[in-house]
Amino acid sequence: MTPEELLAALRPFPRLHLNYTPTPLQPMPRLSASLGGPPLWLKRDDELGPGGGGNKGRPLEFLLGEAVAQGSRKIVTFGRLQSNHVRMTAAACARLGLQTHLFFFEKRPSTLQGNLLLDQLFGAKLHFIPFGGGGDASMTLETTNRLVRLVSWLLVGPGAYFMPVGGHTAVGCLGYVAAAVEIQAQIAALELDPARVTIVLPVGTGVTLAGLWAGFHLLGSPVRVLGIDVGKLWHTFPASIARLATGVCSLLGQPRHFTAGEVPIIEKTYVGEGYSRLRAEAVAAIKLMAQVEGVVLDPVYSGKAFAGLLDLLGNGRFAPDAQIVFLHTGGLPGLWPYADRMV
Ligand SMILES: Cc1ncc(COP(=O)(O)O)c(C=O)c1O
């Protein structure tokens, strides 16, 4: 599809414009020189969206568009205590005058900090249920969503719009299908060779990866994407991402079946002990980015994925003429709960 055809295919889907785009695609000359490797670029989706920014601003345009089009005034979603998706949902709903119910399957901490503090400031109703809610690789992402949907229905009642963890639906992915068009235009404007470009990004629920992957596929673009798993969260995770990308193509009238084996993800290698468990390599990567480029990454997502990218660069994973774009997905509020471990 041409970019115009893809944008036309997206148009029938209800969308709320919550973001100022395009986000910058900026060079990192000092970092590239200090690593002595291929040129590195930073796509600033940390500067995107309401409530402090981050990648979830893009899926939320379509998810909340769908919710409002269905007449829902109540939005339900869930995540871990420091979920950025949850925080950005709360902020967007505040702006739209929607009621938000946020579910956490953990104990209420004695002090609300980081994203939780912001969730409360945005006026969301917080539900803490310390029974476990998936995210320990014992269940698939889909099963977890089904269970939480049921629990939330019992507590919030009917008529609410249920948003799966991280916005994991084909409609949610449309935000990153649109981003593929945006990035393709930026690559062209910078006169980069798309066949040499790889976009590296953190993966939590796979919405961002599936959207970009399907988007570049639909554009017939040679741009590659490479997701770095940050969580070991879900049973048979690549199968869920493949299902999602397949769903996106079918939603846009361009059927294509993706298989788990095709998903461009490095699973488990750079996770460390688990989701939100700090890795020394991530702390070093955060410091490097902060001190050489003046950009702040977070310990749970972008810092872990950037540490993975540094390892891949060190191991010669990319061709010498490669152009690497690191997608900065945000997550800044999640830095504060780690304050005592960042020095
Ligand atoms: C800062 C940040 N980066 C990356 C991700 C992963 O995105 P996805 O869930 O689309 O894989 C998230 C998920 O919430 C996030 O908050």
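Since this is a predicted model, take the numbers as computed values, not measurements. (Residues numbered from 1 in each chain as written. Predicted model: local features only at pLDDT ≥ 70, side-chain atom pairs only at ≥ 80, totals over all residues. Heavy atoms only, no water.)

A. Geometry of the nonpolar core. Counting 106 residues, the largest nonpolar core has Leu64, Ile199, Leu212, Phe216, Leu252 and Phe318 as the members making the most contacts within it. Among the elements that make up this core, the one with the highest residue count is helix 7 (residues 170-189) (12 residues). Domain assignment of the residues forming this core places at least three in each of domain 1 (3-54 + 169-341) and domain 2 (57-167). Dropping the residues within four chain positions of it, Leu212 is found in contact with Tyr176, Ala179, Ala180, Ile183, Ile199, Leu201, Val225 and Leu327. If you look at the next biggest cluster of nonpolar residues, it comprises 10 residues, including Leu81, Leu116, Ala124 and Leu126. (Core = buried A, V, L, I, M, F, W, Y, C linked by side-chain atoms within 4.5 Å. Buried < 20%, exposed > 50% of the residue type's maximum accessible area, 1.4 Å probe, protein only. Helix = DSSP H or I, 4+ residues; strand = E, 2+ residues; numbered from the N terminus. Domains from an automatic or database assignment. Contact = heavy atoms within 4.5 Å.)

B. Spotlight on the site of the ligand. Taken together, 14 residues lie near the ligand, and Lys56, Gly204, Thr205, Thr208 and Thr329 sit nearest. Here an oxygen atom of the ligand sits 3.2 Å away from a polar atom, N or O, in the side chain of Asn55. Between a nitrogen atom of the ligand and a side-chain N or O atom of Thr329, the distance comes to 2.6 Å. Contributions of two or more residues to the shell around the ligand are made by strand 7 (197-203) and helix 8 (207-218). When its residues are assigned to classes, the shell around the ligand shows 4 nonpolar, 9 polar and 1 charged. (Near = heavy atom within 4 Å. Polar contact = N/O pair within 3.5 Å; in protein donor to acceptor, adjacent residues only side chain to side chain. Nonpolar A, V, L, I, M, F, W, Y, C, P; charged D, E, K, R; others polar.)

C. Quick look at the pairing of strand 5 (residues 125-128). In this structure, strand 4 (residues 99-104) lies alongside strand 5, joined through 4 bridges in parallel fashion. The residue of strand 5 that forms the bridge with Phe103 is His127. Following the chain from strand 4 across helix 5 (residues 115-121) to the adjacent parallel strand 5, one finds a crossover that is right-handed. (Pairing = 2+ DSSP bridges. Right-handed = clockwise from strand over helix to strand, strands pointing away.)

D. Layout of the domain arrangement of the protein chain. Segmenting the protein chain into domains produces domain 1 (3-54 + 169-341) and domain 2 (57-167). For domain 1 versus domain 2, the separation of C-alpha centres amounts to 22 Å. On the domain 2 side, the residues contacting the 44 residues of domain 1 number 40 residues. Scanning the region where domain 1 abuts domain 2 turns up 4 salt bridges. When the shortest N-O distance is used, the salt bridge between Arg15 and Glu61 registers 2.8 Å. Sorting the residues of the side of domain 1 that touches domain 2 by element identifies helix 7 and helix 9 (237-251) as the ones contributing at least two each. By residue number, the principal contributor to the side of domain 1 that touches domain 2 is helix 7, which donates 7 residues. Here the side of domain 1 that touches domain 2 is composed, by residue class, of 20 nonpolar, 18 polar and 6 charged. (Salt bridge = Lys/Arg side-chain N within 4 Å of Asp/Glu carboxyl O.)

E. How the structure looks around the pattern of salt bridges. A full pass over the atoms with the stated rule returns 12 salt bridges. Between Glu142 and Arg243 there is a salt bridge, with its nearest N and O atoms 3.1 Å apart. Highlighted residues: Glu142 in helix 6 (residues 141-156) and Arg243 in helix 9, separated in sequence by 101 residues. Judged by its relative accessible area of 19%, Glu142 is buried. Across the pair Glu281 and Arg279 runs a salt bridge whose closest N-O atoms are separated by 3.4 Å. What you see here is one network of salt bridges that share partners, running through Lys43, Asp45, Arg58 and Glu182.

F. View of the packing of aromatic side chains. Taken as a whole and judged by the stated rule, the model has 7 aromatic pairs. Where Trp213 meets Phe258, the ring centres are 4.4 Å apart and the plane angle is 45 degrees; that geometry is what we call tilted. Of this pair, Trp213 sits in helix 8 while Phe258 sits in the loop between helix 9 and strand 9 (265-266), and the two are 45 residues apart along the sequence. Counting every residue linked through ring pairs, the aromatic cluster contains Phe78, Phe103, Phe105 and Phe162. Above the plane of the ring of Tyr176 lies Arg58, whose end atom (NZ or CZ) is 5.5 Å from the centre. The residue whose ring lies beneath Arg317 is Phe318, and the NZ or CZ to ring-centre distance is 5.6 Å. (Phe/Tyr/Trp six-rings, centres within 6.5 Å; stacked < 30°, edge-to-face > 60°. Lys NZ or Arg CZ within 6 Å of the ring centre and 35° of its normal.)

G. Quick look at the sheet that holds strand 4. With parallel pairing, the 4 strands of this open sheet are ordered in space as 5-4-3-6. Unpaired on one side and paired on the other, strand 5 and strand 6 (161-162) mark the two borders of the sheet. Alignment of strand 3 (residues 74-78) against strand 6, held across 2 bridges, turns out to be parallel. Among the inter-strand pairings, Val76 is bridged to a residue of strand 6, identified as Phe162. Packing of helix 4 (residues 84-96) onto the sheet brings it into contact with strand 3 and strand 4, and relative to strand 3 it is tilted by some 170 degrees. Across the sheet, helix 6 is in contact with strand 3, strand 4, strand 5 and strand 6; its angle to strand 3 comes to roughly 135 degrees. (Axes fitted to C-alpha atoms, helices over the stretch in contact; angles between N-to-C directions.)

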